[in-house]
Amino acid sequence: MAGKIKEATTTEIMSPAAMMIEPSDIEIPRINVVQKTSEIDAPFGSIVLDKQFVIAEPEKAVAAIPVSVLKGWREDIPYDDDEVPRIANSQEERDEIAKSSDYPMLEFADITLAIAKPEDTAVEAAFPFPIGNEFFALGRINVAKDAYRQTFKRLATFTLFNPETPAFTRFWDFTSALISRGKYSWYAPSLTFTDKETSEAVQKFANNFSS
(Lines give C-alpha, C1' and ligand atoms only; values in the text may rest on other atoms or scores of the structure.)
Protein backbone atom coordinates (compact mmCIF):
# COMPACT_ATOMS: atom_id res chain seq x y z
CA MET A 1 0.00 0.00 0.00
CA ALA A 2 1.38 3.32 -1.03
CA GLY A 3 2.14 5.72 1.78
CA LYS A 4 0.16 8.86 2.18
CA ILE A 5 1.58 12.08 0.87
CA LYS A 6 2.24 14.36 3.77
CA GLU A 7 0.43 17.64 3.36
CA ALA A 8 2.44 20.81 3.77
CA THR A 9 1.48 22.68 6.88
CA THR A 10 3.86 25.61 6.57
CA THR A 11 5.20 27.74 3.78
CA GLU A 12 8.88 28.62 3.84
CA ILE A 13 9.89 31.96 2.41
CA MET A 14 13.63 32.28 1.98
CA SER A 15 15.32 35.49 2.93
CA PRO A 16 17.44 37.28 0.28
CA ALA A 17 20.58 36.11 2.11
CA ALA A 18 19.42 32.47 2.02
CA MET A 19 18.68 32.76 -1.71
CA MET A 20 22.19 34.19 -2.34
CA ILE A 21 20.81 36.94 -4.55
CA GLU A 22 23.40 38.88 -6.53
CA PRO A 23 22.90 42.00 -8.69
CA SER A 24 23.32 39.87 -11.83
CA ASP A 25 20.26 37.82 -10.78
CA ILE A 26 17.96 40.83 -10.89
CA GLU A 27 15.96 41.72 -13.99
CA ILE A 28 16.67 45.40 -14.60
CA PRO A 29 14.76 47.18 -17.38
CA ARG A 30 16.52 49.43 -19.87
CA ILE A 31 16.42 53.19 -19.79
CA ASN A 32 16.26 54.92 -23.17
CA VAL A 33 16.47 58.54 -24.24
CA VAL A 34 14.06 58.85 -27.17
CA GLN A 35 15.62 60.04 -30.42
CA LYS A 36 13.97 61.02 -33.70
CA THR A 37 14.66 57.54 -35.08
CA SER A 38 13.63 55.62 -31.94
CA GLU A 39 10.87 53.04 -32.26
CA ILE A 40 9.37 54.12 -28.93
CA ASP A 41 6.02 55.86 -28.69
CA ALA A 42 7.15 58.84 -26.61
CA PRO A 43 8.16 62.48 -27.18
CA PHE A 44 11.58 63.20 -28.67
CA GLY A 45 14.07 63.67 -25.83
CA SER A 46 12.03 62.02 -23.08
CA ILE A 47 13.51 59.43 -20.73
CA VAL A 48 11.67 56.12 -20.98
CA LEU A 49 11.87 53.07 -18.73
CA ASP A 50 11.30 49.61 -20.18
CA LYS A 51 10.09 51.20 -23.46
CA GLN A 52 6.73 52.01 -21.85
CA PHE A 53 7.01 54.50 -18.96
CA VAL A 54 7.94 58.12 -19.60
CA ILE A 55 9.68 58.95 -16.33
CA ALA A 56 10.97 62.38 -17.38
CA GLU A 57 10.06 64.87 -20.09
CA PRO A 58 12.86 66.44 -22.18
CA GLU A 59 15.12 68.74 -20.11
CA LYS A 60 13.22 67.86 -16.90
CA ALA A 61 15.36 66.37 -14.14
CA VAL A 62 14.48 63.45 -11.89
CA ALA A 63 16.41 62.51 -8.75
CA ALA A 64 18.58 59.44 -9.24
CA ILE A 65 21.26 57.45 -7.43
CA PRO A 66 23.97 55.46 -9.22
CA VAL A 67 24.04 51.96 -7.71
CA SER A 68 26.25 50.19 -10.26
CA VAL A 69 28.68 51.50 -12.88
CA LEU A 70 30.48 49.16 -15.29
CA LYS A 71 32.93 50.46 -17.88
CA GLY A 72 33.85 48.69 -21.10
CA TRP A 73 35.04 49.13 -24.66
CA ARG A 74 33.51 48.06 -27.96
CA GLU A 75 34.35 48.37 -31.62
CA ASP A 76 32.86 51.60 -33.00
CA ILE A 77 31.02 49.99 -35.90
CA PRO A 78 28.61 52.21 -37.93
CA TYR A 79 24.89 51.59 -37.33
CA ASP A 80 24.30 50.57 -40.96
CA ASP A 81 26.92 47.83 -40.73
CA ASP A 82 25.61 44.35 -39.90
CA GLU A 83 28.78 43.33 -38.07
CA VAL A 84 28.45 42.73 -34.32
CA PRO A 85 31.03 44.71 -32.30
CA ARG A 86 33.43 42.86 -30.06
CA ILE A 87 33.36 43.98 -26.41
CA ALA A 88 36.20 44.25 -23.91
CA ASN A 89 35.76 44.41 -20.15
CA SER A 90 39.38 45.27 -19.33
CA GLN A 91 42.18 47.39 -20.77
CA GLU A 92 44.07 44.23 -21.71
CA GLU A 93 41.09 42.84 -23.67
CA ARG A 94 40.61 46.24 -25.29
CA ASP A 95 44.24 46.31 -26.52
CA GLU A 96 43.97 42.75 -27.83
CA ILE A 97 40.84 43.48 -29.88
CA ALA A 98 42.33 46.74 -31.18
CA LYS A 99 45.26 44.82 -32.71
CA SER A 100 42.99 43.03 -35.20
CA SER A 101 40.08 45.47 -35.53
CA ASP A 102 39.31 47.67 -38.53
CA TYR A 103 37.42 50.05 -36.23
CA PRO A 104 38.40 52.37 -33.39
CA MET A 105 37.63 51.19 -29.85
CA LEU A 106 34.84 53.14 -28.15
CA GLU A 107 34.50 53.64 -24.40
CA PHE A 108 31.05 52.92 -22.97
CA ALA A 109 29.44 52.26 -19.61
CA ASP A 110 26.42 50.47 -18.22
CA ILE A 111 25.01 52.57 -15.40
CA THR A 112 22.29 51.22 -13.11
CA LEU A 113 20.22 53.94 -11.47
CA ALA A 114 17.68 53.98 -8.67
CA ILE A 115 15.29 56.78 -9.64
CA ALA A 116 13.16 58.40 -6.96
CA LYS A 117 9.44 58.74 -7.67
CA PRO A 118 8.56 62.38 -8.43
CA GLU A 119 5.59 63.77 -6.55
CA ASP A 120 3.85 64.72 -9.80
CA THR A 121 4.47 61.49 -11.71
CA ALA A 122 1.74 60.16 -13.97
CA VAL A 123 3.23 56.66 -14.03
CA GLU A 124 3.04 55.33 -10.48
CA ALA A 125 3.62 51.77 -11.73
CA ALA A 126 7.13 52.68 -12.88
CA PHE A 127 8.27 53.14 -9.27
CA PRO A 128 7.38 49.90 -7.45
CA PHE A 129 10.36 49.51 -5.09
CA PRO A 130 10.14 50.90 -1.53
CA ILE A 131 13.42 51.92 0.09
CA GLY A 132 12.96 53.55 3.46
CA ASN A 133 10.13 56.07 3.13
CA GLU A 134 10.52 56.52 -0.64
CA PHE A 135 9.63 54.62 -3.81
CA PHE A 136 12.06 54.04 -6.65
CA ALA A 137 12.38 52.72 -10.17
CA LEU A 138 15.40 50.65 -11.11
CA GLY A 139 16.84 50.91 -14.60
CA ARG A 140 20.04 50.52 -16.60
CA ILE A 141 21.30 52.83 -19.33
CA ASN A 142 24.13 52.19 -21.80
CA VAL A 143 26.13 55.34 -22.53
CA ALA A 144 28.82 56.24 -25.06
CA LYS A 145 30.31 59.37 -26.64
CA ASP A 146 28.47 62.51 -25.41
CA ALA A 147 26.27 60.43 -23.10
CA TYR A 148 29.39 58.81 -21.62
CA ARG A 149 30.99 62.20 -21.06
CA GLN A 150 27.88 63.64 -19.38
CA THR A 151 27.31 60.66 -17.08
CA PHE A 152 30.20 58.27 -16.47
CA LYS A 153 32.94 60.91 -16.59
CA ARG A 154 31.06 63.10 -14.12
CA LEU A 155 30.67 60.17 -11.73
CA ALA A 156 34.34 59.29 -12.16
CA THR A 157 35.45 62.88 -11.55
CA PHE A 158 33.31 63.13 -8.41
CA THR A 159 34.76 59.85 -7.10
CA LEU A 160 38.33 61.00 -7.76
CA PHE A 161 37.87 64.18 -5.75
CA ASN A 162 35.68 62.57 -3.05
CA PRO A 163 37.22 59.14 -2.41
CA GLU A 164 35.59 58.86 1.02
CA THR A 165 32.13 59.84 -0.24
CA PRO A 166 30.40 57.25 -2.46
CA ALA A 167 28.35 58.76 -5.28
CA PHE A 168 25.21 57.10 -3.92
CA THR A 169 25.29 59.22 -0.76
CA ARG A 170 23.94 62.14 -2.81
CA PHE A 171 21.07 62.48 -5.24
CA TRP A 172 22.00 63.31 -8.84
CA ASP A 173 19.83 65.19 -11.32
CA PHE A 174 19.17 62.79 -14.18
CA THR A 175 17.96 64.51 -17.31
CA SER A 176 18.14 64.47 -21.10
CA ALA A 177 20.07 67.40 -22.56
CA LEU A 178 19.77 68.65 -26.14
CA ILE A 179 22.98 68.65 -28.16
CA SER A 180 23.19 70.46 -31.52
CA ARG A 181 26.04 70.31 -33.99
CA GLY A 182 25.41 71.98 -37.33
CA LYS A 183 22.11 70.77 -38.76
CA TYR A 184 21.97 67.77 -36.44
CA SER A 185 20.47 67.63 -32.95
CA TRP A 186 19.88 64.84 -30.47
CA TYR A 187 19.30 64.29 -26.77
CA ALA A 188 21.88 62.72 -24.48
CA PRO A 189 21.47 61.69 -20.83
CA SER A 190 23.14 63.78 -18.17
CA LEU A 191 23.94 63.30 -14.46
CA THR A 192 24.55 66.39 -12.33
CA PHE A 193 25.62 66.30 -8.68
CA THR A 194 23.34 67.83 -6.05
CA ASP A 195 23.97 68.48 -2.36
CA LYS A 196 20.83 66.56 -1.31
CA GLU A 197 21.91 63.63 0.84
CA THR A 198 20.27 60.22 0.45
CA SER A 199 18.72 58.46 3.43
CA GLU A 200 20.46 55.79 5.47
CA ALA A 201 18.11 53.15 4.00
CA VAL A 202 18.97 54.19 0.44
CA GLN A 203 22.69 54.18 1.18
CA LYS A 204 22.45 50.70 2.69
CA PHE A 205 20.57 49.42 -0.37
CA ALA A 206 23.06 50.97 -2.80
CA ASN A 207 26.05 49.71 -0.86
CA ASN A 208 24.66 46.15 -0.77
CA PHE A 209 23.79 46.32 -4.47
CA SER A 210 27.26 47.37 -5.55
CA SER A 211 29.19 45.09 -3.18
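Residues numbered from 1 in each chain as written. Predicted model: local features only at pLDDT ≥ 70, side-chain atom pairs only at ≥ 80, totals over all residues. Heavy atoms only, no water.

(A) Molecular detail of the pairing of strand S8 (residues 134-144). As defined by bridge partners, strand S6 (residues 105-116) adjoins S8 across nine bridges and the pair is classed as antiparallel. Looking at S8, one finds that Ile115 is bridged to Ala137. As paired strands, strand S7 (residues 129-131) and S8 are joined by three bridges and run antiparallel to one another. The partner of Ile131 across the bridge, within S8, is Glu134. Linkage of S7 to S8, two consecutive antiparallel strands, is achieved through a turn of two residues, within which Gly132 is found at a positive phi near 65°. (Pairing = 2+ DSSP bridges. Helix = DSSP H or I, 4+ residues; strand = E, 2+ residues; numbered from the N terminus.)

(B) Spatial organisation of the packing of aromatic side chains. The full count for this structure, using the stated rule, is six aromatic pairs. With 5.4 Å between their ring centres and 80° between their planes, Phe158 and Trp172 make a pair best called edge-to-face. Highlighted residues: Phe158 in helix H4 (residues 152-161) and Trp172 in strand S9 (residues 170-181), separated in sequence by 14 residues. With respect to burial, Phe158 and Trp172 carry one shared label: buried. In textbook terms, an aromatic cluster arises when at least three aromatic residues are bridged by ring pairs, as seen for Phe158, Trp172 and Phe193. Geometry around Phe108 places Arg74 over its ring, the cationic atom sitting 4.7 Å from the centre. Sitting over the ring of Phe171, Lys196 keeps its end group 5.0 Å from the ring centre. (Phe/Tyr/Trp six-rings, centres within 6.5 Å; stacked < 30°, edge-to-face > 60°. Buried < 20%, exposed > 50% of the residue type's maximum accessible area, 1.4 Å probe, protein only. Lys NZ or Arg CZ within 6 Å of the ring centre and 35° of its normal.)

(C) Representation of the sheet that holds strand S2 (residues 47-49). Spatial ordering of the open sheet is given by S1-S2-S3, a layout of three strands whose pairing is antiparallel. The open sheet has two edge strands with one neighbour each: strand S1 (31-33) and strand S3 (53-56). Across this sheet, the average inter-strand angle for adjacent strands is 35°, counted without regard to direction. (Axes fitted to C-alpha atoms, helices over the stretch in contact; angles between N-to-C directions.)

(D) Representation of the confidence of the model for the protein chain. The predicted model of the protein chain averages 90 in pLDDT, with 89% of residues at 70 or higher. In the model, residues 1-11 has pLDDT below 50 throughout and makes zero contacts with residues more than four positions away in sequence or in other chains. (pLDDT = per-residue confidence, 0-100. Contact = heavy atoms within 4.5 Å.)

(E) Layout of the pairing of S9. Looking at chain direction, strand S4 (residues 62-75) and S9 are connected through three bridges and run antiparallel. Bridge pairing links Ala63 to Asp173 in S9. Across eleven bridges, the pairing between S9 and strand S10 (residues 184-197) is antiparallel. Counted as the bridge partner of Phe174 is Leu191 from S10. Hairpin connection of S9 to S10: two residues between the antiparallel strands, including Gly182 at a positive phi of 65°.

(F) Highlighting the environment of Val54. Here Val54 shows up in strand S3. Taking relative accessible area as the criterion, Val54 reaches 26% and is therefore assigned partly exposed. Separated by 23 residues in sequence, Val54 and Ile31 place their C-alpha atoms 9.8 Å apart. Excluding residues that lie within four positions of it along the chain, Val54 makes contacts with Ala42, Ser46, Ile47, Val48 and Val123.

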